[in-house]
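These are the residues of each chain, in order.
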Amino acid sequence: MAQSRAEIRYDQSARTFRLDAADVTYALGVNESGELQSLYWGKRLQPADDIPAAHADNGTSSFDLPVNATPQEFVGWGGGLVVVPDIKITFPDGNRDLVLRYVSHRIQDDSLTITMKDISRDVTVVLQYEMDGETGILGRSARVENHTHAPLTVEQAFAGTWNLPASSDYQLRYLTGRWAGEWNLQQEPLHPGKVVLESRRGSTGDEINPWFAIERGSAIDQETGDVWFGALGWSGSWQINIEQDWENRVRVTGGYTPFDFAYTLAPGESLQTPKFYGGYSDSGIGGASRLLHGFEMNSILPQPHRLRPVLYNSWEATGFDVNESGQEALAEEAARLGVERFVMDDGWFGERKDDHAGLGDWFVNPQKFPHGLKPLIEKVHALGMDFGLWVEPEMVNPDSELYRKHPDWVLNFAGRPRTEGRHQLVLNLARPDVRAYVYGFLDKLLTENEIAFLKWDYNRNWSEPGWPSAPLDEQKEVYVKYVQNLYGILAELREKHPHVEIESCSGGGARVDLGILRYVDEVWPSDNTDPFDRLSIQNGFTYAYAPGLMMAWVTDSPNGMNNRSTSLEYRFLSSMQGSLGIGANLNKWTPGDFATAKKLVSEYKAVRETVQEGLLYRLLSPIGSEYAATESVARDGHEAVVFAFLHSSQEGKPFPQLYLRGLDPAATYHVHLQEGQLADGTVERASGDYWMHHGIGVSLRGDFQAACFTLEREAR
Ligand code: DGJ
């Protein structure tokens, strides 16, 4: 299929740039002061529509300086700026004034590069815009270059500013959370002032995810209305500011958090900001999510991206207590279910009996695996599955050979306590020797063993983020160089071992962002595997990230998180909304459990392409509701898969009628029930219009009940 391309045009007389792709137009221009000014971002305009030239906004009174009133694409802190700057620099002579003006530009295929320069100093900023032809999502970043003859310090560096026109009717959405309670969707009206979304944890974090959406209008729903959204591609400390000014204009800025930030640029050096992706949909937040999902699957994830295999993971079954015979026994049971990948989690290395020791010592524990990993791997292969392994490469337990040998390898401030989290410290990956060690042991592990998959874990936040061995003026660069080296290791490993797939895990979903997603194939959204809690967690996750990325295990009942008991069918259907995994202790399953699970695994395989890569419609939100339902429509439209969940029946009320979405109105669809029950009298075949407007009923009663059915389009 021919790829859609973005069109980028420059109108020399008006000095305007117009970027068009999919259903989006983005326009900017150079105004009479030489500032780069945002002109339009939204629904695609007609080809003949002219973009009027940019004119600085002189404000409504002499108290408003034009520099603050004019919506600029990228602005330095200087010249009286009081809104959030994109960049702030301190020069060695004490000057901190930076005023950037347009110098030149270059258009090449889907990308636009604009160079700006300070009015007197040889500091340039190169702005990069790349527009995705399929979705109209724009990736923006900036490179700051020091062409002066002295070092300078960058104290803040963002990718650029997204400007939205004045409106007193904007709603902001973002995602917050904590361990085992990630992906809570927040929604609030915007009003003058500033909302700061941020992580100071050294990594992405689960407290807030680097994603936002702004919708215009108060009567917003899933499928209608203007929505602007954005996500940062960075896995270190970050910040997004959503600022509404005195005239209700909105500016969104984002990049490295300026908190504790300083990056020294020697003459000739440069600093690249993270990419800040932004998109627009006129089909509500549902349309916005679907654009992001497609963009992630096709333009962010390593390509080619394969459908996610059904995996088994040992963590909830065996904890740290792994050994050759125990894992082999689990592998045999998993294979009987149709599992395609067997993953051994934590506990296989060093002196790892619990979380107090062993991290850093990446050799196979000889008591647990006297013959190394080979016999287990061979057994897994003989059972028709591939083999995956858990690692946590960036961490070290003080009780480890590695730490006893290299106590200076961790983040620390000289002479200060080293705060432990989960009894572990963070290796300073910014150090070249640490980077070499981490790459070295992973490369060796993958070279010596037939490993198809790494679950790459990361289980604590930073503390005492010092780098005492670096020159004083470079120590704070740890925030940038750590993450660059992390990406570098991942890229090199993928290059050398192209068949190896990777999952990003961070004590659950604390490292999910568009930066890490360039190097991994899937993510672990939460350590909370309670199937009812998962409905809300997964619902929140999909606002920003594709269902196909979202690993979801079926685990035992009652689930330890809430001591809640649910049927195996309910647990499966909850997990089948993402990438299906099984994390239960199969040694305890009955023959009946095996039969049910085998059937559901096979049903999942039949619909997984639609679930993982299709178009997601949220029919009923689980938030504060007794009911939840999602629908995934295959990209080629041949089928739709619907999941419906009932929390608890009350007062004998029926489950609400489901009005499907995204079907071809005139095509005929045949309904197939997979699990649960449809309402009495449900017809077998009807048009897309019928299913979308007459709807379909499911007959769910009781507690924690679930249903799944598909609609198959018939040939015309
Ligand atoms: C945290 C992860 O999120 C879990 O799935 C498991 O891998 C443990 N770490 C192992 O220590």
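See the structure shown above.
The paragraphs below set out a description of the structure included in this document. (Residues numbered from 1 in each chain as written. Predicted model: local features only at pLDDT ≥ 70, side-chain atom pairs only at ≥ 80, totals over all residues. Heavy atoms only, no water.)

## So, the site of the ligand
As a reminder of what qualifies: Residue proximity to a molecule or strand is established when one non-hydrogen atom of the residue lies within 4 Å of it. Identification of polar contacts relies on pairs of N or O atoms within 3.5 Å, with a donor-acceptor requirement for protein atoms, meaning one able to donate a hydrogen and the other able to accept it, and with residues adjacent in sequence counted only if both atoms are side-chain atoms. The Shrake-Rupley method, run with a 1.4 Å probe sphere, supplies the accessible areas, and residue values consider only the shown protein chains as cover. Polar here means any residue outside two lists: the nonpolar Ala, Val, Leu, Ile, Met, Phe, Trp, Tyr, Cys and Pro, and the charged Asp, Glu, Lys and Arg; Gly therefore counts as polar.
As a structural note, the neighbourhood of the ligand is formed by 13 residues, with Asp345, Asp346, Lys455, Asp457 and Asp527 the closest of them. Taking Asp346, its side chain carries an N or O atom lying 2.6 Å from an oxygen atom of the ligand. Trp390 places a polar side-chain atom, nitrogen or oxygen, 3.1 Å from an oxygen atom of the ligand. In isolation the ligand exposes 300 Å². Once the protein is present, 98% of that is buried. Across the shell around the ligand, the residue classes break down as 4 nonpolar, 3 polar and 6 charged.

## Quick word on the environment of Thr257
For clarity, the cut-off: Numbered from the N terminus, helices here are DSSP runs of H or I no shorter than four residues, and strands are runs of E no shorter than two. Burial classes follow relative accessibility: with a 1.4 Å probe on protein chains only, a residue under 20% of its type's maximum area counts as buried, one over 50% as exposed, and anything between as partly exposed. Whether two residues are in contact is decided by their heavy atoms, any of which lying within 4.5 Å being enough.
The topology assignment puts Thr257 in the loop between β17 (250-256) and β18 (263-265). Given a relative accessible area of 3%, Thr257 falls into the buried group. Along the backbone, Thr257 and Glu198 are 59 residues apart, and their C-alpha atoms lie at a distance of 7.0 Å. Those residues within four positions of Thr257 in sequence are excluded, and the remaining contacts are Glu198, Ser199, Ser237, Trp238 and Gln239.

## Things to note about the environment of Arg404
Its place among the elements puts Arg404 in helix α6 (residues 401-405). With relative accessibility at 54%, the residue Arg404 sits in the exposed group. Taking the C-alpha atoms as reference points, Arg404 and His305, separated by 99 residues in sequence, lie 41 Å from one another. With residues up to four places along the chain from it excluded, the contact list for Arg404 reads Pro398 and Asp399. Among the polar contacts listed, one links the side chain of Arg404 to the side chain of Asp399, at a separation of 3.1 Å.

## Some thoughts on the nonpolar core
Rules: We call a set of buried residues a nonpolar core when its members are Ala, Val, Leu, Ile, Met, Phe, Trp, Tyr or Cys and they connect through side-chain atoms within 4.5 Å of each other.
Core analysis: the biggest nonpolar cluster contains 180 residues, and Ile242, Trp348, Phe572 and Ile582 have the highest contact counts within it. Sorting elements by how many residues they give to this core places helix α8 (residues 478-496) first, with 10 residues. Apart from the residues lying within four places of it in its own chain, the contact partners of Phe572 are Val554, Leu580, Ile582, Trp589, Ala597, Leu600 and Val601.

## Quick look at helix α2 (residues 284-300)
Definition in use: In this scheme, a helix's expected span is set at 1.5 Å multiplied by one less than its residue total.
Between its terminal C-alpha atoms α2 stretches 23 Å, which fits the 24 Å expected from 17 residues at 1.5 Å a residue. Burial analysis of α2 places 14 of its 17 residues in the buried class, the great majority of the element.

## Here we look at the sheet that holds strand β26 (residues 453-456)
Defined as follows: Paired strands are those between which DSSP finds at least two bridges. With axes taken as lines fitted to C-alpha atoms, and helix axes fitted only over the stretch in contact, angles between N-to-C directions fall between 0 and 180 degrees.
In space, the 8 strands of this open sheet follow the order β28-β27-β26-β23-β22-β21-β30-β29, with parallel pairing throughout. The open sheet has two edge strands with one neighbour each: β28 (522-523) and β29 (551-554). Judged from the 2 bridges that link them, strand β27 (residues 501-504) and β28 form a sheet pairing that is parallel. Residue pairing in the sheet places Ser504 in a bridge with Val523 of β28. The sheet contacts of helix α5 (residues 374-382) involve β22 (341-344) and β23 (386-391), and relative to β23 the element is tilted by about 140 degrees. Running over the sheet, α8 touches β26 and β27 and is turned about 170 degrees from β26.

Take it as geometry only, folks, not as evidence of what the structure does.
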